[in-house]
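A structural walkthrough
Listed below, chain by chain, are the residues.
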Number of protein chains: 2
Amino acid sequence: MSLDLRKIRILQAIIDDYILTASPVGSRAISKHPDINLSSATIRNEMSDLEEYGYLEQPHTSAGRIPSDKAYRYYVNSMMQRAMLTEDELKFIEQHFSRTVDDADKIIRQTAMVLSDMTNYATMVLPPNPSAIRLRRIELVPVTDGKALVVIVTNLGVSSDTLIRIPKGITADRLHQLSNMLTDNFANCRIEDITANKIALMTDILGSGKEYIDEMLARFKGTILTNKSNVEFFGTSKLLDYPEYSDVDKAKALLDTIERKDSFKTAISGASNLEFSITIGSENNDPIIKDCSVVTATYRVSGEKLGSLGVIGPTRMDYSRVLALLEHFGKSLGTVLTNMIDEENN
Amino acid sequence: MSLDLRKIRILQAIIDDYILTASPVGSRAISKHPDINLSSATIRNEMSDLEEYGYLEQPHTSAGRIPSDKAYRYYVNSMMQRAMLTEDELKFIEQHFSRTVDDADKIIRQTAMVLSDMTNYATMVLPPNPSAIRLRRIELVPVTDGKALVVIVTNLGVSSDTLIRIPKGITADRLHQLSNMLTDNFANCRIEDITANKIALMTDILGSGKEYIDEMLARFKGTILTNKSNVEFFGTSKLLDYPEYSDVDKAKALLDTIERKDSFKTAISGASNLEFSITIGSENNDPIIKDCSVVTATYRVSGEKLGSLGVIGPTRMDYSRVLALLEHFGKSLGTVLTNMIDEENN
DNA sequence: TTTAGCACTCCCGTATCATGAGTGCTAACA
DNA sequence: TGTTAGCACTCATGATACGGGAGTGCTAAA
């Protein structure tokens, strides 16, 4: 089943052409390709083979052929070479990151927008992986008698503040004391390390505090974890540019799916583990996005995988360029965030 | 130029029909209307008049007629009666608001989503009007030596927290003292009441604190005010359902415009002043949304106008139902938020 | 003032047809 | 034996024509 060099060349030419034009490519067009010196008849034979192997599909007799998902997969795994970004592009990206904004979320979002503009595909931002979050400090601040504000400082900056009910009559000193205990016990913990068990062990130290500490940590875990589903999308309407979606019903189905957000699980779950993940067409679970591909890259803060950026486009997307851009954006984003957090922490 | 009763009836019938079907309505269809006992020929004469006055338009000879923006305006101002929501709808809405979520932003967003689902139009949320925000409490929490966390509690709950640089060596007690001073001076102030002037007056009280207090307040104002442009949209892809946007290019132009967000200024600026605002078709500044109407309603928290909800649909939207829904949602949302904030505050 | 009647307009869906890009197959060629 | 030229065949696409139908405006009669 492995392809000989000539078949690979032909397949490459077909894919390149199809990515560019979105219309089925015929044998004659390929025979004109500078790298390929064969008559259209020969190409036809080869294409017939490639179709038999499952790399090509024919919309109908007497049309050219289009690459199958399998072809893209093969292309991505074995054939593609990483594109180089141009000077101008690099400069443009650098310029984007040099604008100083001091809100991490905003930077991430703006990055996704720029990425969308540069690729002309839709992009998405996957929120920080909860296990990358480490507690730094827990502070209970009295607000009114009976209410305290919980401020939890994490390695990513302040990440949660909620009001909790506390028994009346607790003094500021006592709260301060509790804060210190909690900080001592949980500093550098991951969020999933905070177990009921551990809290129970602290009961004797905490004394009367236990009940509201429980509430507080539960809420904190809650907000961090619900955050998980907060995928955000940008530039989705760009997908309407592509002839794949010149049918309004198809377009609507796609945008609906994106807006509902829960259909990118395959891509997303892959994303959290891998440096890059590429999900092509029908590899997605949802049949609605079966002619979309999703490419994601994680970005790291202080060496730790934090979240990911993703690009959503038609299966015939320019994988090579997208990967190059994602890699570059991922790295720059990581650096900027790392610097920002370092600066905040000392 | 004022219309006699018969013309009004006919116009009403045309509008009703057109809202329903989106296709030009002819004289014969109207003559069959139960309320109207006239031959199609008579209707034709009347329609001809209505066209002359500018209430109707004809896509081409031998087509029926469609209401103009002027007609919708007249309809909305003088003819429309508020729709009643059904029992089921009321129940459904109540059910939505009874689910307890303790995050105000999340409630507002979910409300916008439900509103979008019930109307099948796109909806938007305009963020709180900054002048509705009042400070309750300012708290400086030491984090590391040289860094403090600023927590500002407002009448809408905790609304900002930033790390600021402070001179090294300041004691927790001193910070606490500063917090109290700031709270005493600014409690119940609006954000725009915090002027450089007032801070200058406090210099003698604050002593060495002044510089970083300046930084802090500037940042706070910044985050509140940048919030202003944060319009959020929901269910935008629903607009693709309507034949107005069966052309992909038109659809893309619309969605692009929505995503770029800055084109709803007319509607938005109206929204912040009025209880309801209705912007019909070409009354919008941007020609791209010239066949969209935007209806907004403000919601109040503790009697004060906080933000608004908006509905975006084709000009032939069901204004009556949309207004009824907006009114109901606005009120319920206000109540829920008011309760939530009251509960948090004591 | 209303209405019936009629000629006229024009969109729209369908059918027809020519065109052209593309294929598969066969036979000849190197 | 692999490659290529040639040819018949397929089928989407776009242009054109055409009939039907919904709608109009006008005129004349009720």
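Each chain has its residues counted from 1, following the order in which its sequence is written. All chains are assigned letters beginning at A, and all ligands numbers beginning at 1, according to the order in which they are written. Per-residue local features are limited, in this predicted model, to residues with pLDDT of at least 70; the limit for side-chain atom pairs, both in listing and counting, is 80 or more; totals at the level of whole chains, interfaces and linings are taken over all residues. Note that water and hydrogens are dropped before the side-chain values are worked out from all heavy atoms of the structure.

**What about the overall build of chain A?**
Within chain A, the secondary structure is distributed over 12 helices and 10 strands. The buried label goes to any residue with under 20% of its type's maximum accessible area, the exposed label to any with over 50%, and the partly exposed label to all in between, with areas taken from a 1.4 Å probe on protein chains only. Looking at chain A as a whole, 50% of its 346 residues qualify as buried. Between two residues, a contact is recorded if the distance between any of their heavy atoms is within 4.5 Å. Here the contacts in chain A between residues at least 6 apart in sequence split such that 62% fall between residues at least 24 apart. For chain A, the accessible area works out to roughly 15900 Å², and carbon and sulfur atoms hold 50% of it. Segments assigned H or I by DSSP are reported as helices when at least four residues long, segments assigned E as strands when at least two residues long, and all are numbered from the N terminus. Where accessible areas are quoted, they stem from the Shrake-Rupley method and a 1.4 Å probe; at the residue level, only the protein chains shown are allowed to cover.

**Examining the domain arrangement of chain A**
Interfaces are often described in size by the accessible area the parts lose on coming together. Residues and elements named next belong to chain A. For chain A, the domain assignment lists domain 1 (5-79), domain 2 (87-127 + 230-345) and domain 3 (131-228). At the interface, 9 residues of domain 1 touch 14 residues of domain 2. Accessible area that two parts lose when put together, evaluated with a 1.4 Å probe and summed over both, is termed the buried area. For the pair domain 1 and domain 2, the summed buried area comes to about 930 Å², and 61% of that belongs to carbon and sulfur atoms. When the area that domain 1 buries against domain 2 is broken down by residue, the three leading residues are Ile19, Asp69 and Arg73, summing to 50%. The salt bridge definition used is simple: a Lys or Arg side-chain nitrogen within 4 Å of an Asp or Glu carboxyl oxygen. Our count for the contact surface shared by domain 1 and domain 2 stands at 1 salt bridge. The residue Arg73 makes a salt bridge to Glu283 at a minimum N-O spacing of 2.7 Å. Nitrogen and oxygen atoms within 3.5 Å of one another constitute a polar contact, given that in protein one can donate a hydrogen and the other can accept it, and given that sequence-neighbouring residues count only through two side-chain atoms. Inspection of the domain 1/domain 2 interface yields 4 residue pairs in polar contact (both at pLDDT 80 or more). Put simply, the parts of the chain that give the side of domain 1 that touches domain 2 at least two residues each are helix H1 (5-21) and helix H4 (69-79). The biggest single contributor to the side of domain 1 that touches domain 2 is H4, with 5 residues. Considering only residue class, the side of domain 1 that touches domain 2 consists of 7 nonpolar, no polar and 2 charged. Where each domain starts and ends follows an automatic or database-derived domain assignment. Gly falls in the polar group here, along with every residue not listed as nonpolar (Ala, Val, Leu, Ile, Met, Phe, Trp, Tyr, Cys, Pro) or charged (Asp, Glu, Lys, Arg).

**Details of the sheet that holds strand S7 (residues 232-234) of chain B**
All names here are of chain B. Strand order across the open sheet formed by 5 strands is S7-S3-S10-S9-S8, with antiparallel pairing between neighbours. Two strands in the sheet have a free side with no partner beyond their single neighbour: S7 and strand S8 (276-280). When strand polarity is set aside, the average angle formed by the axes of neighbouring strands in this sheet is 20°. Summarising the sheet, strand S9 (residues 292-301) and strand S10 (residues 304-314) pair through 10 bridges and their orientation is antiparallel. Within S10, the position partnered with Val301 by the bridge is Glu304. Criterion used throughout: strands pair if DSSP finds at least two bridges between them. Helix axes use the C-alpha atoms of the stretch in contact, all axes being lines fitted to C-alpha atoms, and the angles between their N-to-C directions lie in the range 0 to 180 degrees.

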